[in-house]
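Read off the chains here:
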Amino acid sequence: MTLYRAYRKATLVALSLLAVAAALVDLIGWWSWSSASAQLAISPDRGAVRLAEDRLLELPSAIQRSRRLPVRELGSAPTDLAFAVLMCRGVDQRRWMPAHAAGSTNLARGYLLAGDLEAAVPVLDDALVRDPTNAYLHRLRALILMARGEISSALENLAVAQALAPDQREPELELTPENERAVRLRGLELQRDLYPRRRIQTGLALARELRRGGDIEGALVILMENEDHPEVLLERAGWAVEAGDLEIASVLLETVTDQRSAPRSLRARAWAMTAITRDLDGDHAGAVEAAFQALHLDQNSPYAFVSLAGLAERRGDYDEALEHLRRAWGMSPSDVGLLVRIARVAERAGKTPDAVLAMERAVEINPASPELAVQLVSLQLRLGDFTSAAMTLSEALDRHPTDPSLLAQADRLRRDVGIR
């Protein structure tokens, strides 16, 4: 019994020492990776050398943390050093984390940096096998395929990335307007299948995109797949109002307002649109009644205040319209279309600082839109703020160097500055 107790005690001591040793190794790996990453941010050259040569970074704990390899800072290092870091870390990651995509991703980056496109594709395909829902990997593959001249396959990868993560923009790729639209359309088609719970919202977005491109028939086909859904009825009513067919719009809107089972927010939106329809039809009293009916159903609905703003705007009271739009903005702070409307109404009301603020917010929310940048530049030029216009143009042209509308605004800026 005494021998057993001594053996048990010795075993516990050995296990404790092993646990301490493992914790110490883990701490050393963590410290090595943290200090090397910090050095890379301060001095890319020295940091890259350390990331490529420090043997402590081969410890499992360091390799696990190397998934967060700061590629942006690494881009400031000399190409040969950046290549060495990507290859060393990529090989270690594939060896110690075979189920993770980080190793193959970094190897693909390294081959791409070296210009070896043939070697980059298979390792990137390997990364996508491990993580097929990674939008960054699909965009990286598209970048490589475009460099190889395989445009169709590249656009398909971009569409998949768009479907998986619409806001993913890295790595950045420059596309023609036609290809950008093709990617958006295909991405929305794929998104309907990937996210069936959002099929209605994605279908509406796809229909709007088709309509913007002039494919009215195709857009209606998409809408008719769910023709009785309240959101689809509202969309069709909005299109009818734009086409001047107020009778059809009224019928569609009444279908929604009479649906007691529909969410109050949607019924409030239908009443708000009814206010606009009645006002356009000359029934001003009925329009006000419909707007307040929308507020009664949902006091937090921005649509009710937008409809009240529309009523005020049509009778020339831009100050009141702006107040209603501000209230709507407080309820829907990321609505870019609302911000554009606020800018337009504020300029008409003579409140140019409010107009500029609204357009600047719109560009901040959606910096990838050249159309919004064009509207902001145009506003700044109308106000004579050439310095701000030049800064806005510079940032937008960095993102879209070949956009015709932005280039036209650049010519306008040169002419206006030259005249003055």
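Remember, predicted model here, so these are calculated numbers, not experimental data.

Colleague: I'd like a description of the overall build of the protein chain, backed by residues and values.
Modeller: Within the protein chain one finds 23 helices and zero strands. A total of 420 residues make up the protein chain; the buried ones form 44% of that total. The contacts of the protein chain with a sequence gap of at least 6 include a subset with a gap of at least 24, amounting to 54%. Within the structure as shown, the protein chain displays about 22500 Å² of accessible surface, and the carbon and sulfur contribution to it stands at 54%.

Colleague: Give a detailed account of the environment of Arg46, specifying residues and quantitative values.
Modeller: Note on placement: Arg46 falls in helix 2 (residues 44–53). C-alpha separation for the pair Arg46 and Leu81, spaced 35 residues apart in sequence, amounts to 9.5 Å.

Colleague: Could you give an account of the packing of helix 9 (residues 151–164) against helix 10 (residues 177–194), naming the residues involved and the relevant values?
Modeller: Between helix 9 and helix 10, whose axes approach to 7 Å, the crossing angle comes to 50°. Relative to helix 10, helix 9 is oriented oblique. Judged by the sense of rotation from one axis to the other, the crossing of helix 9 with helix 10 is right-handed. Of the residues in helix 10, those touching helix 9 at Ile151, Leu155, Glu156, Leu158, Ala159, Val160, Gln162, Ala163 and Leu164 are Asn179, Val183, Arg184, Arg186, Gly187, Leu190, Gln191 and Leu194.

Colleague: Lay out helix 5 (residues 79–96) in plain terms, naming residues and giving numbers.
Modeller: End to end, helix 5 covers 26 Å across 18 residues, agreeing with the expected 26 Å (1.5 Å per residue, within 8%). When we look at burial in helix 5, the residues that qualify are Leu81, Ala82, Val85, Leu86, Met87, Arg89, Gly90, Asp92 and Gln93.

Colleague: Before we move on, could you go through the environment of Val183 and cite the residues and values that matter?
Modeller: Structurally, Val183 can be placed in helix 10. We classify Val183 as buried; its relative accessible area is 7%. The spacing of Val183 and Ala154 is 29 residues in sequence and 9.8 Å in space, taken between C-alpha atoms. Ignoring anything within four residues of it in the chain, the contact list for Val183 reads Leu155, Leu158, Ala159, Gln162 and Leu175.

Colleague: I'd like a description of unusual backbone geometry, backed by residues and values.
Modeller: Note that the residue after Glu170, namely Pro171, is joined by a cis bond; omega there is -10°. Note that Pro171 resides in the loop between helix 9 and helix 10.

Colleague: Please set out the pattern of salt bridges residue by residue, giving values where relevant.
Modeller: Enumeration over the complete set of coordinates arrives at 24 salt bridges. Between Arg94 and Asp126 there is a salt bridge whose closest N-O contact spans 3.3 Å. In this pair, Arg94 sits in helix 5 while Asp126 sits in helix 7 (residues 117–130), placing the two residues 32 residues apart along the sequence. Overall, Arg94 belongs to the partly exposed group, its relative accessible area being 34%. Since its relative accessible area comes to 18%, Asp126 is described here as buried. Taking the shortest distance from any N to any O, the salt bridge between Glu313 and Arg341 comes out at 3.4 Å. In this pair, Glu313 sits in helix 17 (residues 302–314) while Arg341 sits in helix 19 (residues 336–348), placing the two residues 28 residues apart along the sequence.

Colleague: Could you give an account of helix 17, naming the residues involved and the relevant values?
Modeller: Helix length check: helix 17 (13 residues) gives 18 Å between terminal C-alpha atoms against 18 Å at 1.5 Å per residue, within 8%. Most of helix 17 sits out of view: 11 of its 13 residues are buried. Listing the buried residues of helix 17 in full gives Pro302, Ala304, Phe305, Val306, Ser307, Leu308, Ala309, Gly310, Leu311, Ala312 and Glu313. Packed against the buried residues of helix 17 are helix 15 (264–280), helix 16 (284–297), helix 18 (318–331) and helix 19. Backbone geometry just after helix 17 places Gly316 at a positive phi near 85°.

Colleague: Just give me the short version of the nonpolar core, but keep the residues and values in it.
Modeller: Among the nonpolar cores identified, the biggest contains 38 residues, and Leu325, Leu338, Ile342 and Met359 are the most heavily contacted of them. Going through the elements one at a time, helix 15, helix 16, helix 17, helix 18, helix 19, helix 20 (352–365) and helix 21 (370–382) are the ones with two or more residues in this core. Listed in part, the 14 residues of the second largest apolar core include Met87, Ala120, Val121 and Ala127.

Colleague: Let's hear about the side chain of Asp403: which residues, and what values?
Modeller: Inspection of the secondary structure assignment puts Asp403 in the loop between helix 22 (386–399) and helix 23 (404–419). For the buried Asp403, no salt bridge exists, and the shortest N-O distance to an oppositely charged side chain is 9.4 Å, to Arg184. Within the structure, Asp403 has its side chain in polar contact with the backbone nitrogen of Ser405 (distance 3.2 Å). A polar atom in the side chain of Asp403 sits 3.0 Å from the backbone nitrogen of Leu406.

Parameters and conventions
- Residues numbered from 1 in each chain as written.
- Predicted model: local features only at pLDDT ≥ 70, side-chain atom pairs only at ≥ 80, totals over all residues.
- Heavy atoms only, no water.
- Helix = DSSP H or I, 4+ residues; strand = E, 2+ residues; numbered from the N terminus.
- Buried < 20%, exposed > 50% of the residue type's maximum accessible area, 1.4 Å probe, protein only.
- Contact = heavy atoms within 4.5 Å.
- Areas by Shrake-Rupley, 256 points an atom, 1.4 Å probe, with all protein chains shown as cover.
- Axes fitted to C-alpha atoms, helices over the stretch in contact; angles between N-to-C directions.
- Parallel < 35°, antiparallel > 145°, perpendicular 65-115°, else oblique.
- Left-handed = near helix turned anticlockwise from the far one by under 90°.
- Expected span 1.5 Å × (residues − 1).
- Salt bridge = Lys/Arg side-chain N within 4 Å of Asp/Glu carboxyl O.
- Core = buried A, V, L, I, M, F, W, Y, C linked by side-chain atoms within 4.5 Å.
- Lys, Arg positive; Asp, Glu negative; His and termini not counted.
- Polar contact = N/O pair within 3.5 Å; in protein donor to acceptor, adjacent residues only side chain to side chain.

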